[in-house]
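Here is what each chain is made of, one letter per residue.
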Amino acid sequence: MAVIVALGAFLMTLAGGWTAQRVTDRRHLVLGLAGGLMLGVVGLDLLPESLHAAGREVFGVPLALLLFVAGFLIAHVVERLLAVRQAAHGAENGGRVPQVGLTAAAAMVGHSLADGVALGAAFQVGGGMGVAVALAVITHDFADGFNTYTLTRLYGNERRKALMMLFADAVAPVVGAASTLLFTLPEEPLGAYLGFFGGVLLYLAAAEILPEAHHEHPALSTLMCTVGGVAGIWLVVGLAD
C-alpha cells in the first residue's frame, strides 16, 4: 500500500515540475511562490518534524536546531566559495553558481527519499497514521517538484539537468517507501537530517529565491504568491494532522 501511495507522490512531483516550466513568462511569480512554499515547508513541516524526531539536546540546544543553523551556514559558505572560484576563472552567470542549484536539488531528492521512508513506516504502524502521512506526502510533493525544477534552473543549469533532477525527485519517495520492506530508518538520524536540510532550504529561500523574485518585479502579485505559498503549506500540514 505504501508503494502504491508513493506512486501518487511520483505523479504529483512531476506535476509540480511541469507547472514550474509552463509559467516561465511569469518568472517573478514562480519565484515568489517557490519562496513561499520553501518557507512554509521549513517552518511548518520540516522544523516541527525534526524537533520531534531528534529531540535530544547538545549543550542546551536541541540537536535539530543546531543542525538547522549548521545547514544554513554551510549553504552560505559553500555558495560563497564556489562563487569566488567561479569569479577567479572568469565565469559569468549573474553571480549564480550552477553547482549550488544541483546541490540544492539533490537535497530535495534526499528529502523526498525521507518522505518515502516515513510513508512506509507510517503504514507499518497502522491505524490512521498511514493515511495522514500519505496525504501530507502526496500534497507537498507538488511543492517539492516545483521547487526542484525552479532551483535547478535559477542557478543557470540546462533544462535537461533540471528535468533529470525533477525525475529523480519524483522517483525518490517510491524508492524510500519500497526500502521499508527491508529496513526502517531510526527516528533520530531522520530528524537530524530534516533539521539540516531545513537550514539549507531556508538559506536558499531567504538569500536567493525571494530577493530574485522581487528584484525586477517588486509587485504586489509576487508578494501575494509568496504569502499564498506559505498558506498552502499550512493548509496541507493542518489537513494531515
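Our subject is the structure that appears above.
Just so it is clear, the model here is predicted, and its values are computed rather than measured. (Residues numbered from 1 in each chain as written. Predicted model: local features only at pLDDT ≥ 70, side-chain atom pairs only at ≥ 80, totals over all residues. Heavy atoms only, no water.)

### Topic: the pattern of salt bridges
The condition that has to hold: What makes a salt bridge here is a side-chain nitrogen of Lys or Arg within 4 Å of a carboxyl oxygen of Asp or Glu, nothing more. Per the convention used, a helix needs a DSSP run of H or I reaching at least four residues, while a strand needs a run of E reaching at least two, with both numbered from the N terminus. Summary of the burial criterion: residues with accessible area below 20% of their type's maximum are buried, those above 50% are exposed, and those between are partly exposed, where the area comes from a 1.4 Å probe applied to protein chains only.
One pass over the structure, following the stated rule, counts two salt bridges. Residue Glu188 is joined to Arg56 by a salt bridge in which the shortest nitrogen-to-oxygen separation is 2.5 Å. Taken as a pair, Glu188 in helix 7 (residues 187-215) and Arg56 in the loop between helix 2 (27-53) and strand 1 (57-58) lie far apart in primary sequence, 132 residues in all. Arg56 sits in the partly exposed class, given a relative accessible area of 47%.

### Things to note about the nonpolar core
Quick reminder of the rule: Among buried residues, those of type Ala, Val, Leu, Ile, Met, Phe, Trp, Tyr and Cys that are joined through side-chain atoms within 4.5 Å constitute a nonpolar core. In what follows, residue pairs with any heavy atoms lying within 4.5 Å of each other are defined as contacts.
Within the largest apolar cluster, 36 residues are counted, with the highest numbers of intra-cluster contacts made by Met38, Leu46, Leu151, Leu201, Leu204 and Ile209. Among the elements of the structure, helix 2, helix 3 (63-88), helix 4 (98-125), helix 5 (129-154) and helix 7 are those that each provide at least two residues to this core. Examining the composition of this core, we find that 10 residues originate from one element, helix 7, more than from any other. Ignoring any residue separated from it by four or fewer positions in sequence, one finds Leu204 in contact with Met38, Val100, Ala104, Leu151, Tyr155 and Ile209. In this structure, Ala2, Ala6, Leu119 and Ala134 belong to the second largest nonpolar core, which totals nine residues.

Remember that the coordinates give geometry; whether it matters functionally is a separate question.
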